[in-house]
Amino acid sequence: MRSGTCAGGNIQVMVGFTLNDEHEALRGTVAEFAREVVAPVIGGYYERGEFPYDVVARMAKLGLFGLPFPEEYGGMGGDYFALCLALHELARVDSSVAITLEAGVALGAMPIYRFGTAEQKQRWLPDLCQGDRLAAFGLTEPGGGSDIPGGMRTTARRDGDEWVIDGSKAFITNSGTSITSVVTVLAITGRTDGKPEISAIMVPSGTAGFTVASEYSKVGWRCSDTRELAFAGCRVPAGNLLGGLGRGYAQFLQTLDEGRVAIAALAAGLAQGCVDECLRYVRERSAFGHELGYYQSIQFRIADMQARAHSARLAWYDAAARLVAGEPFKLEAAIAKLTCSNAAMDNARDATQIFGGYGYINEFPVARFYRDAKVLEIGEGTSEVQRMVIARQLGLDSRPG
Ligand SMILES: Cc1cc2nc3c(=O)[nH]c(=O)nc-3n(C[C@H](O)[C@H](O)[C@H](O)COP(=O)(O)OP(=O)(O)OC[C@H]3O[C@@H](n4cnc5c(N)ncnc54)[C@H](O)[C@@H]3O)c2cc1C
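To start, this report covers the structure provided alongside it. Predicted, not measured: the structure shown is a model, and the values here were computed from it.

Brief notes about the overall build of the chain
What the chain contains, in helices and strands, is ten helices and twelve strands. By the compact-globule yardstick of 21 Å for 401 residues, the chain fits well, its C-alpha radius of gyration being 22 Å. Considering only C-alpha atoms, the chain reaches an extent of 80 × 60 × 45 Å along its principal axes. Within the chain, the proportion of its 401 residues that are buried is 51%. Counted over contacts in the chain with a minimum sequence separation of 6, partners at least 24 positions apart contribute 71%. Carbon and sulfur atoms form 51% of the exposed surface of the chain, whose accessible area is close to 17,800 Å². Averaging the coordinates of the 39 positive side-chain charges in the chain and doing the same for the 46 negative ones gives two points 3 Å apart.

If you want it as structure tokens, here you go:
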């Protein structure tokens, strides 16, 4: 972000966003990676609904899973803005690999970094930063995702030196790959004044009593891993509590505020990817004696798409800049998530229309974008939940009391 001085005085004015050299270099590297490594192969994985282990391994080699973490844990020493930039550039080409990175870092590893003890960080973070392993975050339950903590049923009770977990989780990203090492689940660990006390507990993959169901058949994000999880008398050491006892809900709100910025960047990337594809296509395809790009209705549609992609990018830039500056960013994160997911949906619909019949054929990236866009209005807080957060930040609240 740049600031300058007005010609006639010394009033500081904001004049826009310019990436610093490191961020620009990262952006270029990830854009090239997405073009050269992801684009040629991802369509096949998508068709097969297969997790792209070799692409993820190459993302790991590039250091993407360690981007916002300190070097002492094997991270790249970057910041959250860098993570968002990488997500934006990946999602311009494919959202399944982008969400694998987003869920692995923003939801999986970040809570361990933010709330873990020194021992927990040393145990889990190095493998996660290297991308040799993936972590997952289990909040949503079959009975409800928006209504947390009200809809939560999963419990954990203390038995000697162990937690015993019972319950289930739904739609958990990265939870069932062969490289998943740990899932952090939120569970009710007690009650205070009749209200549930919620804590976060880390459950290593393969723990007895922890079952991972088969992959959902999803409309989009077809090469990301999403599973239902069941816990039946699942025992983990007491030391697997992440953060304070009863602090799980507050930790989850912080994790999700940050995650919304990351998913907004991913959505803005998809919106920009739609423009990229259309600009290519309208120069190649002709109708009624002219390239499609000759027709003003097509030009206007693409102009609207670019306006949305641009506004979306500025929305997440603003939220991410506030986040890394340590300023309040809850309102801006919700605005960015809402704005960027709207842009992704609108651009995916328009891009498909511009491609005509080919827009409905899976071989073309815009068909993938169309299928991938919808979930952006649902995951990490639905658009309705974003509006609730924005309204509350504006002082409007319909909660009793
Ligand atoms: C592919 C995928 C990956 C996911 N990955 C993860 C993950 O890694 N970890 C995780 O914990 N979860 C994950 N989720 C779950 C996701 O976060 C939830 O689906 C989402 O929060 C919505 O919860 P729900 O599906 O239970 O819908 P519900 O909460 O049942 O909502 C249904 C509808 O009602 C609306 N609604 C609810 N309450 C209100 C209200 N008070 N006023 C107005 N409207 C309301 C909602 O906006 C929505 O439109 C994932 C979901 C998907 C599809």
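Once the structure has been displayed, the description carries forward.
A few points about the nonpolar core
Among the nonpolar cores identified, the biggest contains 106 residues, and M59, L90, L101 and W316 are the most heavily contacted of them. For this core, the element with the most residues is helix 6 (residues 248-284), which contributes 17 residues. Discounting chain neighbours no more than four positions away, the residues touching L101 are M59, L64, F65, L83, A86, L87, L90 and A106. In this structure, A156, A187, C234 and V236 belong to the second largest nonpolar core, which totals 17 residues.

Considerations on the pairing of strand 9 (residues 226-237)
Note that strand 5 (residues 162-173) and strand 9 share nine bridges and pair antiparallel. Across the sheet, residue G167 finds its bridge partner in strand 9, namely F231. Taken together, the three bridges between strand 8 (residues 210-212) and strand 9 define a ladder with antiparallel strand orientation. Directly across from F210, in strand 9, lies its bridge partner F231.

Focus on the site of the ligand
Contacts to the ligand come from 19 residues, most closely from T140, G145, S146, T382 and E384. For the ligand, an oxygen atom lies 2.6 Å from a polar atom in the side chain of S146. Within the backbone of F171, one N or O atom sits 2.7 Å away from a nitrogen atom of the ligand. For the ligand, the accessible surface in isolation is 980 Å², of which the surrounding protein chains cover 64%. When contributions to the shell around the ligand are tallied by element, the ones reaching two or more residues are strand 5 and helix 10 (383-393). When residues in the shell around the ligand are grouped by element, the largest group, three residues, is from strand 5.

Here's the deal with the state of the cysteines
Enumeration over the complete set of coordinates arrives at zero disulfides. Free of any disulfide, C278 has its nearest cysteine sulfur in C274, 6.7 Å distant. Overall, C278 belongs to the buried group, its relative accessible area being 0%.

Here we look at the side chain of T154
Position of T154 relative to the elements: it lies in the loop between strand 3 (134-138) and strand 4 (155-159). Of the residues examined, T154 reaches a relative accessible area of 0% and is grouped as buried. Among the polar contacts listed, one links the side chain of T154 to the backbone oxygen of S168, at a separation of 3.2 Å. For T154, the contacting residues outside a window of four places in its chain are E141, I165, D166, G167, S168, K169, L186, A187 and I188.

A word on the environment of S383
Within the secondary structure, S383 sits in helix 10. Residue S383 is classed as buried on the basis of its relative accessible area of 5%. Linking S383 and K330, residues 53 residues apart in sequence, is a C-alpha distance of 15 Å. Apart from the residues lying within four places of it in its own chain, the contact partners of S383 are L338, S341 and E377.

What about helix 6?
With 37 residues, helix 6 should cover 54 Å at 1.5 Å per step; its first-to-last C-alpha distance of 53 Å lies within 8% of that length. For helix 6, the tally of buried residues reaches 28 of 37 residues, placing the bulk of the element in the interior.

Thoughts on the pattern of salt bridges
One pass over the structure, following the stated rule, counts 24 salt bridges. Between R392 and D397 there is a salt bridge, with the nearest N and O atoms lying 3.7 Å from each other. When salt bridges with common partners are traced through the structure, they connect E24, R27, E89, R92 and D276 into a single cluster.

What counts as what
- Residues numbered from 1 in each chain as written.
- Predicted model: local features only at pLDDT ≥ 70, side-chain atom pairs only at ≥ 80, totals over all residues.
- Heavy atoms only, no water.
- Helix = DSSP H or I, 4+ residues; strand = E, 2+ residues; numbered from the N terminus.
- Rg over C-alpha atoms; globule rule 2.2 N^0.38 Å.
- Buried < 20%, exposed > 50% of the residue type's maximum accessible area, 1.4 Å probe, protein only.
- Contact = heavy atoms within 4.5 Å.
- Areas by Shrake-Rupley, 256 points an atom, 1.4 Å probe, with all protein chains shown as cover.
- Lys, Arg positive; Asp, Glu negative; His and termini not counted.
- Charge placed at Lys NZ, Arg CZ, Asp CG, Glu CD.
- Core = buried A, V, L, I, M, F, W, Y, C linked by side-chain atoms within 4.5 Å.
- Pairing = 2+ DSSP bridges.
- Near = heavy atom within 4 Å.
- Polar contact = N/O pair within 3.5 Å; in protein donor to acceptor, adjacent residues only side chain to side chain.
- Disulfide = S-S within 2.5 Å.
- Expected span 1.5 Å × (residues − 1).
- Salt bridge = Lys/Arg side-chain N within 4 Å of Asp/Glu carboxyl O.

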